[in-house]
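If you want the building blocks of each chain, they are given just below.
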Amino acid sequence: MRIILLGAPGAGKGTQAQFLMDKYGIPQISTGDMLRAAIKEGTPLGLEAKKVMDAGQLISDDIIIGLVKERITKADCEKGFLLDGFPRTIPQADAMKENGVVVDHVIEFDVADEIIVDRMGGRRVHPGSGRVYHVVYNPPKVEGKDDVTGEDLIIRADDTEETVRKRLGIYHEQTMPLVDYYQAEAQAGNTQYHKLDGTQAVEAVNQQLVELLG
Ligand code: AP5
Ligand code: ZN
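These figures come from a predicted structure and were not determined experimentally.

> Summarise the overall build of the chain; cite the residues concerned and give the values.
The helix and strand inventory of the chain stands at nine helices and seven strands. The C-alpha radius of gyration computed for the chain amounts to 16 Å, which stays within 12% of the reference 17 Å derived for 214 residues, consistent with globular compactness. Of all 214 residues assigned to the chain, the portion counted as buried reaches 33%. In the chain, of all internal contacts separated by at least 6 residues, the share reaching a separation of at least 24 is 72%.

Below is the structure:
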């Protein structure tokens with residue numbers, strides 16, 4: 001099963017990807033996590049990406065398309081994958097189509113901007129795995145520690161309110177056009193499009209996904 005999780009920053013893509021990975025046994029491909037790993041390793045890509053990400057801007061399409069094309073050829077993607085944060089521009093979506101990548105489900109997370117700004121203020125992440133928590137809505141078992149490894153959780157560099165608002169603006173300009181794009185793909189019978197209410201609690205969104213995907 002190949003799934004695209006489409007939604008604004010903070011809409012809950014990463015949170016639900018964790019749930020879907022466990023339930024369906026398919027890997028999460030988060031372009032944001034891949035870029036953060038490159039930054040941590042200090043690769044040339046990482047050095048370039050850091051400035052762009054901290055400013056809340058998008059990395060160039062060519063770089064991102066190259067990363068994903070390579071990633072989806074890996075053996076663990078044979079049964080499918082979850083695309084989290086990709087595609088987020090029309091050229092990225094076109095590149096997948098031109099590459100013959102058939103997507104079974106596109107899932108749009110609908111969450112208003114003000115809810116997102118509130119959520120991002122309490123987000124904590126485990127940098128090693130990309131696991132995501134929230135101090136109130138999805139707290140770890142031990143405060144400030146990852147549930148699996150016990151390692152420290154951190155605040156993402158791009159989670160300041162100013163940068164979150166910038167990322168939301170870019171989402172509306174550059175990524176929202178994908179809503180029409182994939183709805184048209186669904187009408188042409190090339191994929192299935194679902195819109196879910198991302199403002200509900202984490203478990204309620206889990207439940208909506210199970211109902212959609214079976
Ligand atoms: P990326 O890492 O993809 O960030 P994003 O798209 O901005 O999304 P987030 O990870 O911020 O949000 P999410 O939807 O995963 O929400 P989460 O589950 O964590 O990208 C980062 C940067 O990398 C980009 O800005 C760009 O520079 C670059 N980049 C990445 N991909 C790119 C691409 N394709 N092209 C170009 N550039 C690219 O949840 C958020 C918080 O809310 C958490 O605290 C969580 O616990 C909480 N929460 C989740 N669900 C609920 C709920 N139902 N109720 C209450 N709280 C909830
Ligand atoms: Zn995420």
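Read on for the rest.
> Give me the sheet that holds strand 7 (residues 192-197): which residues, what numbers.
Paired through their backbone hydrogen bonds, the strands of a sheet run either parallel or antiparallel. Spatially, five strands are ordered 2-3-1-4-7 in an open sheet, and the strand pairing comes out parallel. The open sheet has two free edges, formed respectively by strand 2 (28-30) and strand 7, since each of these has just one partner strand. In this sheet, neighbouring strand axes are inclined to one another by 20 degrees on average, regardless of whether the strands run parallel or antiparallel. Sheet topology places strand 1 (residues 2-7) next to strand 4 (residues 105-110); five bridges connect them, and they run parallel.

> Would you mind going over the UniProt feature "domain: Adenylate kinase active site lid" (unreviewed entry) in the chain in detail, with residue names and values included?
The residues that UniProt annotates with the feature "domain: Adenylate kinase active site lid" (unreviewed entry) are residues 123-158. For residues 123-158, the end-to-end C-alpha separation is 11 Å, with 0% helix and 17% strand making up the annotated structure.

> With reference to specific residues and values, describe helix 1 (residues 13-24).
Spanning twelve residues, helix 1 covers 16 Å between terminal C-alpha atoms, matching the ideal 16 Å at 1.5 Å per step. Buried within helix 1 are the following residues: Lys13, Gly14, Thr15, Gln16, Ala17 and Leu20. Buried residues along helix 1 sit against strand 1, strand 2, strand 3 (81-84), strand 4, strand 6 (132-134) and helix 9 (202-213). One or two positions beyond helix 1, positive phi appears at glycine 25, with a value near 65 degrees.

> So, the UniProt feature "binding site: AMP" (unreviewed entry) in the chain: which residues are in play, and what are the values?
As annotated by UniProt and renumbered to match this structure, "binding site: AMP" (unreviewed entry) occupies Thr31, Arg36, Gln57, Leu58, Ile59, Gly85, Phe86, Pro87, Arg88, Gln92, Arg156 and Arg167. These annotated residues cover 137 residues of sequence, and their C-alpha atoms reach 24.6 Å apart at the extreme, placing them across more than a single site. As for its placement among the helices and strands, phenylalanine 86 is situated in the loop between strand 3 and helix 5 (90-98). Non-local contacts of phenylalanine 86, meaning those with residues more than four positions away in its chain, are made with Ile29, Thr31, Ile64, Val68 and Gln92. Looking at the secondary structure, you find arginine 167 in helix 7 (residues 161-175). Its 22 C-beta neighbours within 10 Å are what place arginine 167 among the buried residues. Residues within four places of arginine 167 in sequence aside, it is in contact with Pro9, Gly56 and Asp158.

> Residue-level account of the nonpolar core, with values.
Counting 35 residues, the largest nonpolar core has Ile4, Leu5, Leu82, Leu83, Val106 and Ile107 as its most contacted members. Looking at this core, the element that brings in the most residues is strand 1, giving four residues.

> Residues and numbers for the site of ligand 1, please.
In the region of ligand 1, 37 residues are neighbours, and Pro9, Gly14, Gly32, Gly85 and Arg123 sit closest. Among the elements of the structure, helix 1, helix 2 (31-41), helix 3 (44-54), strand 6 and helix 9 are those that each provide at least two residues to the shell around ligand 1. When its residues are assigned to classes, the shell around ligand 1 shows 15 nonpolar, 16 polar and six charged.

> So, the environment of glutamate 70: which residues are in play, and what are the values?
Of note, glutamate 70 is situated in helix 4 (residues 61-71). For the pair glutamate 70 and arginine 36, spaced 34 residues apart in the sequence, the C-alpha separation amounts to 17 Å.

> Provide a residue-level description of unusual backbone geometry, including the pertinent values.
The step from phenylalanine 86 to proline 87 runs through a cis peptide bond, and the omega angle for that step is -10 degrees. On the secondary structure map, proline 87 appears in the loop between strand 3 and helix 5.

Rules used in this analysis
- Residues numbered from 1 in each chain as written.
- Chains lettered and ligands numbered in written order.
- Predicted model: local features only at pLDDT ≥ 70, side-chain atom pairs only at ≥ 80, totals over all residues.
- Helix = DSSP H or I, 4+ residues; strand = E, 2+ residues; numbered from the N terminus.
- Rg over C-alpha atoms; globule rule 2.2 N^0.38 Å.
- Buried ≥ 20, exposed ≤ 12 C-beta atoms within 10 Å, placed from the backbone.
- Contact = placed C-beta atoms within 7 Å.
- Pairing = 2+ DSSP bridges.
- Axes fitted to C-alpha atoms, helices over the stretch in contact; angles between N-to-C directions.
- UniProt positions renumbered as here; feature names shortened; annotations may be inferred.
- Expected span 1.5 Å × (residues − 1).
- Core = buried A, V, L, I, M, F, W, Y, C linked by C-beta atoms within 7 Å.
- Near = placed C-beta within 6 Å.
- Nonpolar A, V, L, I, M, F, W, Y, C, P; charged D, E, K, R; others polar.

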